[in-house]
Amino acid sequence: MILSASRRTDIPAFYSQWFMNRLREGFVLVKNPRNPNRCSRVRLTPAAVDCIVFWTKNPRPLLSRLGDIEKMGYPFYFQFTLNPYDERVEPGLPPKTEIVETFKQLSEAIGSRRIVWRYDPVIVNREFTVQYHLDSYQKMADTLGGYTDRCIFSFVDRYAKSRGRAKGIVDEEVNEWDMNRIAAGFSQIAKEQGMMLSACSEKIDLSRYGIARAACIDKEMVERIIGCPIQVRKDLNQRGACGCSESVDIGSYDCCLHGCVYCYATMSRTAALNNWQRHNPQSAILIGEPNPADLVTDRETKTLKKPQLSLF
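This one's a predicted model, so the numbers in the text were calculated from it and none came from an experiment.

**As for the overall build of the protein chain**
Here is step 1: A tally of helices and strands in the protein chain yields ten helices and eleven strands.
Here is step 2: Compactness check: the protein chain gives a C-alpha radius of gyration of 19 Å against a globular reference of 20 Å for 312 residues, within 12% of the reference.
Here is step 3: In the protein chain, buried positions account for 54% of the 312 residues.
Here is step 4: Once local pairs closer than 6 in sequence are excluded, the contacts in the protein chain between residues at least 24 apart make up 74%.
Here is step 5: Carbon and sulfur atoms provide 49% of the accessible area of the protein chain, an area that totals close to 14,500 Å².
Here is step 6: In the protein chain, 43 side chains carry a positive charge and 36 a negative one; their mean positions are 4 Å apart.

Given below as structure tokens:
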């Protein structure tokens, strides 16, 4: 299986010790986000986990543990979100200069081909204009060039869960005219830096700019990293325009402390803080302790590899 850690929260930033404990114990319990009284037991042995995909805005707490993860036999890569916004939009993050240095350190540790830069989401308003994004993307691409060969971007969506927090910043979605202007500019800048550019879960066709539909949980990338072909289906639990392969996510909603106003995964910073205070790094479950009354079922986990074949 491909392990997603995690679309629902930033495990590298806030829960890295817990994650390492789960790898060492070889399993994790994951609450059903739609039914809190149901729980899945997911096997995390190297034989079951073909590749880990980390989603993060600040992997610094995990950097010192990457060598241990590799020694334990777990291949991985990173989806690393790095935007130009300030603390009004992303209030819980370290200074962006520090995050840029972390990006470079991560790339130097694992290689540029295992780190994907996410410029996500693109917010357009009176302050964050099209030109603002073109200038910001140029500056950031110049800085990150050579430290990654892939970039994924997406345009902001107005989620019901975040509309109150995002008021005055995300009051409308990006119109098609601005989407095309940004896509054309980003494409040219990415090409100059030798980066492959793709768009995440966008219905608009941007192929005229050489921009493909993104697969953040990327079958081809996993195959290249592990050196073996895999057999995996498209993830039908994601949005229709999403190109991701099927994965198992071990995170929980409402427990990320970054406080980004556009985030769909957190209702409020207060809810996140309350859940973070309930976190026990020794627990089998991310937030709180397992409830003996919960219905626990074993999630089917098996390798996706085709061991009789080799890519190299």
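**Comments concerning the nonpolar core**
Here is step 1: Membership of the largest hydrophobic core comes to 77 residues, with the highest contact counts inside it found for Phe19, Ile52, Ile69, Trp117 and Phe153.
Here is step 2: Those residues in contact with Phe19 that sit more than four places away from it in its chain are Leu3, Ala5, Ile11, Ile52, Phe54, Ile69 and Ile250.
Here is step 3: Counting 20 residues, the second-largest nonpolar core is a separate cluster that includes Ile2, Ala214, Met221 and Leu304.

**Some details on unusual backbone geometry**
Here is step 1: Along the chain, Ala5 connects to Ser6 via a cis peptide bond; the corresponding omega equals -5 degrees.
Here is step 2: In the segment running from Asp120 into Pro121, the intervening peptide bond is cis, with an omega of 0 degrees.
Here is step 3: Inspection of the secondary structure assignment puts Pro121 in strand 6 (residues 115-122).
Here is step 4: The phi angle at Ser201 is positive, at roughly 55 degrees, despite the residue not being glycine.
Here is step 5: Position of Ser201 relative to the elements: it lies in the loop between strand 8 (196-199) and strand 9 (212-213).
Here is step 6: With phi around 60 degrees, Asp254 is a residue other than glycine that occupies positive phi space.
Here is step 7: A relative accessible area of 16% means that Asp254 is categorised as buried.

**Remarks on the packing of aromatic side chains**
Here is step 1: Taken as a whole and judged by the stated rule, the model has 16 aromatic pairs.
Here is step 2: Centroid distance Phe19 to Phe54: 5.4 Å. Interplanar angle 70 degrees. Geometry classified as edge-to-face. Placement of the pair is Phe19 in helix 2 (residues 16-25) and Phe54 in strand 4 (residues 51-56), with a sequence separation of 35 residues. Pair check on accessibility: Phe19 and Phe54 agree, each one buried.
Here is step 3: Taken together, the ring pairs connect Trp117, Tyr119, Tyr137, Phe153, Phe155 and Phe186 into an aromatic cluster.

**Focus: the state of the cysteines**
Here is step 1: In this structure the tally under the stated criterion is zero disulfides.
Here is step 2: With no disulfide of its own, Cys151 lies closest to Cys216 among cysteine sulfurs, the gap being 11 Å.

**Considering the pattern of salt bridges**
Here is step 1: Throughout the structure, instances matching the rule amount to 18 salt bridges.
Here is step 2: The salt bridge partner of Arg8 is Asp249, with a shortest N-O separation of 3.9 Å. Highlighted residues: Arg8 in the loop between strand 1 (2-5) and helix 1 (11-14) and Asp249 in strand 10 (residues 248-249), separated in sequence by 241 residues.
Here is step 3: Classification of Arg8 as buried rests on a relative accessible area of 16%.

**Let's talk about helix 6 (residues 130-144)**
Each α-helix winds once per 3.6 residues, and so residues spaced three or four apart point in a common direction.
Here is step 1: The end-to-end C-alpha distance of helix 6, which contains 15 residues, comes to 21 Å, matching closely the 21 Å that a straight helix rising 1.5 Å per residue would cover.
Here is step 2: Those residues of helix 6 lying buried are Val130, His133, Leu134, Ser136, Tyr137, Met140, Ala141 and Leu144.
Here is step 3: Where helix 6 is buried, its residues touch helix 5 (96-110), strand 6, strand 7 (150-155), helix 8 (176-192) and strand 8.
Here is step 4: Positive backbone phi, approximately 95 degrees, marks Gly146, located one or two places after helix 6.

**Topic: the sheet that holds strand 4**
Here is step 1: Read across the sheet, eight strands follow the order 9-8-7-6-5-4-1-10 without closing on themselves; strand pairing throughout is parallel. Since the sheet does not close on itself, it has two edges, and those belong to strand 9 and strand 10, each with one partner.
Here is step 2: Relative to strand 4, strand 1 runs parallel, the two being bridged by four bridges. When the sheet's bridge partners are listed, Ile2 is paired in strand 4 with Cys51.
Here is step 3: Running over the sheet, helix 8 touches strand 6, strand 7 and strand 8 and is turned about 170 degrees from strand 7.

Calculation rules
- Residues numbered from 1 in each chain as written.
- Predicted model: local features only at pLDDT ≥ 70, side-chain atom pairs only at ≥ 80, totals over all residues.
- Heavy atoms only, no water.
- Helix = DSSP H or I, 4+ residues; strand = E, 2+ residues; numbered from the N terminus.
- Rg over C-alpha atoms; globule rule 2.2 N^0.38 Å.
- Buried < 20%, exposed > 50% of the residue type's maximum accessible area, 1.4 Å probe, protein only.
- Contact = heavy atoms within 4.5 Å.
- Areas by Shrake-Rupley, 256 points an atom, 1.4 Å probe, with all protein chains shown as cover.
- Lys, Arg positive; Asp, Glu negative; His and termini not counted.
- Charge placed at Lys NZ, Arg CZ, Asp CG, Glu CD.
- Core = buried A, V, L, I, M, F, W, Y, C linked by side-chain atoms within 4.5 Å.
- Phe/Tyr/Trp six-rings, centres within 6.5 Å; stacked < 30°, edge-to-face > 60°.
- Disulfide = S-S within 2.5 Å.
- Salt bridge = Lys/Arg side-chain N within 4 Å of Asp/Glu carboxyl O.
- Expected span 1.5 Å × (residues − 1).
- Pairing = 2+ DSSP bridges.
- Axes fitted to C-alpha atoms, helices over the stretch in contact; angles between N-to-C directions.

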